[in-house]
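One-letter residues, chain by chain:
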Amino acid sequence: FYTIIQNDEELLLLSLQLIFLFVVLSVCQVEVKEGAESVLLPFTTTPELPGDVIVVWWCDKPNIIFPHVYKNGCDQPEEQDQFYRTRTKMNEDLLKTGDLSLTLRRPMEKDRGDYICDVFSRNIRREKRFHLEVKGLSVFHHFWLSVILIICVYHC
């Protein structure tokens, strides 16, 4: 497939179409069932990242919130949204390995949405986008969880 570009407007239009195509195709789709132990949002970049690197996982639901923030060589729980504070984890040796993946423990339907990981330092700027789909428990599972809870309340 090829096209002949006759003027600057056609070149701009083609460039915008390619950018749109790149953005649409570059969103990583991740699916998990509610109640799973955890879900991984995988992101690996170049190893041996500089010590001044900042890694920010954020989402827009409906306001911008921060599930996880890493800077100054360690996690920054005080900058995390309360909803995620005890449920996220990144690898401890992320600067050495370049593995910036985020593990989200106990995913629930409220976690569904778009997540963005921004990585930056003086010489680095990287980004990866994810769409997390959390499938709810079936009516069957809710029924049996209720039965188990009732049994525990009356027999424990």
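Note: the structure precedes this text.
In this text the structure is predicted, and so the values were computed from the model without any measurement.

S.K.: Just checking my understanding: could you explain the packing of aromatic side chains for this structure?
M.R.: Given two aromatic rings, one states the distance between the centres and the angle between the planes to describe the pair. Under the definition given, this model contains 3 aromatic pairs. Centroid distance phenylalanine 83 to tyrosine 84: 5.1 Å. Interplanar angle 80°. Geometry classified as edge-to-face. Overall, the relative accessible area of 26% leaves phenylalanine 83 in the partly exposed class. Taking relative accessible area as the criterion, tyrosine 84 reaches 1% and is therefore assigned buried. Cluster of aromatic residues (ring-pair linked, three or more members): Phe83, Tyr84 and Tyr115. Positioned above the aromatic ring of phenylalanine 83 is the side chain of arginine 87, whose terminal nitrogen or guanidinium carbon lies 4.6 Å from the ring centre.

S.K.: Before we go on, may I ask you to explain the pairing of strand S9 (residues 125-135) in this structure?
M.R.: Sheet faces and side chains relate simply in a regular strand, where the side chains alternate between the two faces. Pairing of strand S1 (residues 27-33) with S9 involves 7 bridges; the strand directions are parallel. Note that in S9 the partner of glutamine 29 across the bridge is histidine 131. Pairing geometry for strand S8 (residues 113-120) and S9, over 8 bridges, is antiparallel. Pairing of tyrosine 115 across the sheet is with phenylalanine 130, part of S9. Between the end of S8 and the start of S9, which pair antiparallel, lie 4 residues.

S.K.: How should I be thinking about the sheet that holds strand S3 (residues 54-60) in this particular structure?
M.R.: The pairing of strands in a sheet comes from backbone hydrogen bonds and takes either a parallel or an antiparallel form. An order of S1-S9-S8-S3-S4-S5 is seen for the 6 strands of this open sheet, with the pairing classed as mixed. Of all strands in the sheet, those bounded by a partner on one side alone are S1 and strand S5 (74-75).

S.K.: So what exactly am I meant to see when it comes to the side chain of histidine 68 here?
M.R.: Note on placement: histidine 68 falls in strand S4 (residues 64-71). Take histidine 68: its relative accessible area is 2%, and that puts it in the buried class. One polar contact links histidine 68 to aspartate 75, side chain to side chain, over a distance of 2.8 Å. Engagement of the side chain of histidine 68 in a polar contact is seen with the side chain of threonine 88, the distance being 2.7 Å. Histidine 68 has contacts with Val55, Val56, Trp57, Asp75, Gln80, Thr88, Lys89, Met90 and Leu102, leaving out every residue within four places of it along the chain.

Cut-off values and rules
Residues numbered from 1 in each chain as written. Predicted model: local features only at pLDDT ≥ 70, side-chain atom pairs only at ≥ 80, totals over all residues. Heavy atoms only, no water. Phe/Tyr/Trp six-rings, centres within 6.5 Å; stacked < 30°, edge-to-face > 60°. Buried < 20%, exposed > 50% of the residue type's maximum accessible area, 1.4 Å probe, protein only. Lys NZ or Arg CZ within 6 Å of the ring centre and 35° of its normal. Pairing = 2+ DSSP bridges. Helix = DSSP H or I, 4+ residues; strand = E, 2+ residues; numbered from the N terminus. Polar contact = N/O pair within 3.5 Å; in protein donor to acceptor, adjacent residues only side chain to side chain. Contact = heavy atoms within 4.5 Å.

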